Structures are given as C-alpha cells and as structure tokens.
Amino acid sequence: MNLRAFHPHFPNCRIGQEGSVLVIVLMIAIGLISIALYFANSMTMEMRAADNRTSGLASDQAIEGAARYVTSILANYATNGVVPYPDQYSAEAVSVGNSLKPEENSHFWIIGRDPAAANSSDPYFALVDEASKLNLNAPWFTNADTLFTNFSGMTAEFADAIMDW
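Computed from a prediction, not measured in an experiment: that's the story for all the values here.

Calculation rules
- Residues numbered from 1 in each chain as written.
- Predicted model: local features only at pLDDT ≥ 70, side-chain atom pairs only at ≥ 80, totals over all residues.
- Heavy atoms only, no water.
- Helix = DSSP H or I, 4+ residues; strand = E, 2+ residues; numbered from the N terminus.
- Buried < 20%, exposed > 50% of the residue type's maximum accessible area, 1.4 Å probe, protein only.
- Contact = heavy atoms within 4.5 Å.
- Core = buried A, V, L, I, M, F, W, Y, C linked by side-chain atoms within 4.5 Å.
- Salt bridge = Lys/Arg side-chain N within 4 Å of Asp/Glu carboxyl O.
- Phe/Tyr/Trp six-rings, centres within 6.5 Å; stacked < 30°, edge-to-face > 60°.
- Patch = residues over 30% accessible without salt bridge, like charges linked within 9 Å, V, L, I, M, F, W, Y side chains within 5 Å.
- Areas by Shrake-Rupley, 256 points an atom, 1.4 Å probe, with all protein chains shown as cover.
- Lys, Arg positive; Asp, Glu negative; His and termini not counted.
- Charge placed at Lys NZ, Arg CZ, Asp CG, Glu CD.

## Some words on the overall build of the protein
For step 1, the next point in the chain: Within the protein one finds 3 helices and 2 strands.
For step 2, the next point in the chain: Traced from its N-terminal end to its C-terminal end, the protein shows the element sequence α-β-β-α-α.
For step 3, the next point in the chain: Counting across all 165 residues of the protein, residues that qualify as buried make up 14%.
For step 4, the next point in the chain: Sequence separation of 24 or more characterises 22% of the internal contacts of the protein that already satisfy a separation of 6 or more.

In structure tokens, the structure reads:
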C-alpha cells in the first residue's frame, strides 16, 4: 500500500483532491455572498421606493389639510366675497400634522393679496421660480443703487448690506 496516495487525516481523500474541494467550497461561498449582496441591494431600493410612497402620501395629506384650512378661513373670516386680511390667520409655514417632532410635519404657505395693489380684494396666486433668485455676479450689478432702483420694497440700507456681503 502506497502511504503517499492517501491523506493522513482524511483516509477517504486522495492527495490532490483537498485543493479542488477547497476551490469548490470557496466558489459556493462567493456565490452565496453575491446572492446576499444582490438581495440587500434590492431591499435598499425597495426601502427607497417605500419612502417615496410615504412622502407622496404625506404630500397628499398636506394638500388636503391646506384645502380644509383655507375653506375654514373663508367660511369664518370672509364676508361678501372679500378675501380676509392676512393678519386674521396664519399664512406662512402653516403646520399640517400632529407629530411630536415639528420638522416631521408638513407645511404650506398661502399666497393671498397682490402686493402691488394697495386695497385689492381679489385673490392673487403665483409661483416662485428657482431661477428668479438674484444673481449678484450679473454684469448689470455695479452698485447698491442698481438694487435700490430696480427692486420695489428695497431700502438703501438693505441694498448696501447686500453689496457689502
């Protein structure tokens, strides 16, 4: 009997077979790890999708809450079709929700009277575009007087402070 033909610790295993068994076990382990990572990634995507669905539902509820709030304001404060004055109700960052953490509540803003019209009772609605932000690097910006003359409601002190900044 050839003593070198069999492994000393594994009598049923010939020398040279233990390397192929190790390679097979490593391949199986790598395959199982790959499957686990694939499912972990798919669960991450599912969690993000669920978060988006939850945010969508919260937005829908905020819209519903805002509609009820405006209906209540118009029913309680408006007379003869006149829009109530903004000092009679909250119009900025009105919270919708009852979470103990205020940052988790939804908020809405009410845009009411046209600021250009002095005593207008007509409702005024508008969208604020992100592109409407002021670009201080524009070539027509040379001094604070440009700000003061081109923007209504701008004070000279505020224009100077913007230019100093």
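There's plenty left to go through after this.
## Comments concerning the environment of Tyr69
For step 1, the next point in the chain: Position of Tyr69 relative to the elements: it lies in helix α1 (residues 17–77).
For step 2, the next point in the chain: We classify Tyr69 as partly exposed; its relative accessible area is 24%.
For step 3, the next point in the chain: Separated by 20 residues in sequence, Tyr69 and Tyr89 place their C-alpha atoms 9.8 Å apart.
For step 4, the next point in the chain: With near-sequence residues (within four places) excluded, Tyr69 lies in contact with Tyr89, Ser90, Val94, Phe108 and Ile110.

## Remarks on the nonpolar core
For step 1, the next point in the chain: Among the nonpolar cores identified, the biggest contains 5 residues, and these are Ala144, Leu147, Met154, Ala159 and Ile162.
For step 2, the next point in the chain: Excluding residues within four positions of it along the chain, Met154 makes contact with Leu147, Phe148, Ala159 and Ile162.

## Structural notes on the pattern of salt bridges
For step 1, the next point in the chain: All told, the structure shown has 2 salt bridges when counted by the stated rule.
For step 2, the next point in the chain: Glu46 is paired through a salt bridge with Arg53; the nearest N and O atoms lie 3.3 Å apart.
For step 3, the next point in the chain: The partly exposed category is assigned to Arg53, whose relative accessible area is 48%.
For step 4, the next point in the chain: Linking Glu64 and Arg68 is a salt bridge whose minimum nitrogen-to-oxygen distance equals 3.3 Å. Taken as a pair, Glu64 and Arg68 lie in helix α1 at a separation of 4 residues, close to a single helical turn.
For step 5, the next point in the chain: Owing to a relative accessible area of 39%, Glu64 belongs among the partly exposed residues under this scheme.

## Here we look at the packing of aromatic side chains
For step 1, the next point in the chain: The full count for this structure, using the stated rule, is 1 aromatic pair.
For step 2, the next point in the chain: Here Tyr38 and Phe39 contribute two aromatic rings whose centre-to-centre distance is 5.5 Å and whose plane-to-plane angle is 65°, an arrangement assigned as edge-to-face.

## Section: a negative patch on the surface
For step 1, the next point in the chain: A cluster of acidic residues, Asp145, Glu157, Asp160 and Asp164, forms a negative patch at the surface.
For step 2, the next point in the chain: Among the elements that take part in the negative patch, helix α3 (residues 156–164) stands out by supplying 3 residues, more than any other.
For step 3, the next point in the chain: Tracing the chain through its elements places Glu157 in helix α3.

## Some words on a nonpolar patch on the surface
For step 1, the next point in the chain: A contiguous nonpolar patch, built from Ile24, Ile28, Leu32, Ile35, Tyr38 and Phe39 and spanning about 650 Å² of accessible area, is present on the exposed surface.
For step 2, the next point in the chain: Mapped onto the elements of the fold, Tyr38 is located in helix α1.
For step 3, the next point in the chain: Classification of Tyr38 as exposed rests on a relative accessible area of 56%.

## Quick look at the environment of Leu147
For step 1, the next point in the chain: Of note, Leu147 is situated in helix α2 (residues 144–150).
For step 2, the next point in the chain: A residue is classified by how much of its surface remains accessible, and Leu147, at 0% relative accessible area, is buried.
For step 3, the next point in the chain: Considered as a pair, Leu147 and Ala159 are 12 residues apart in the sequence and their alpha carbons are 5.9 Å apart.

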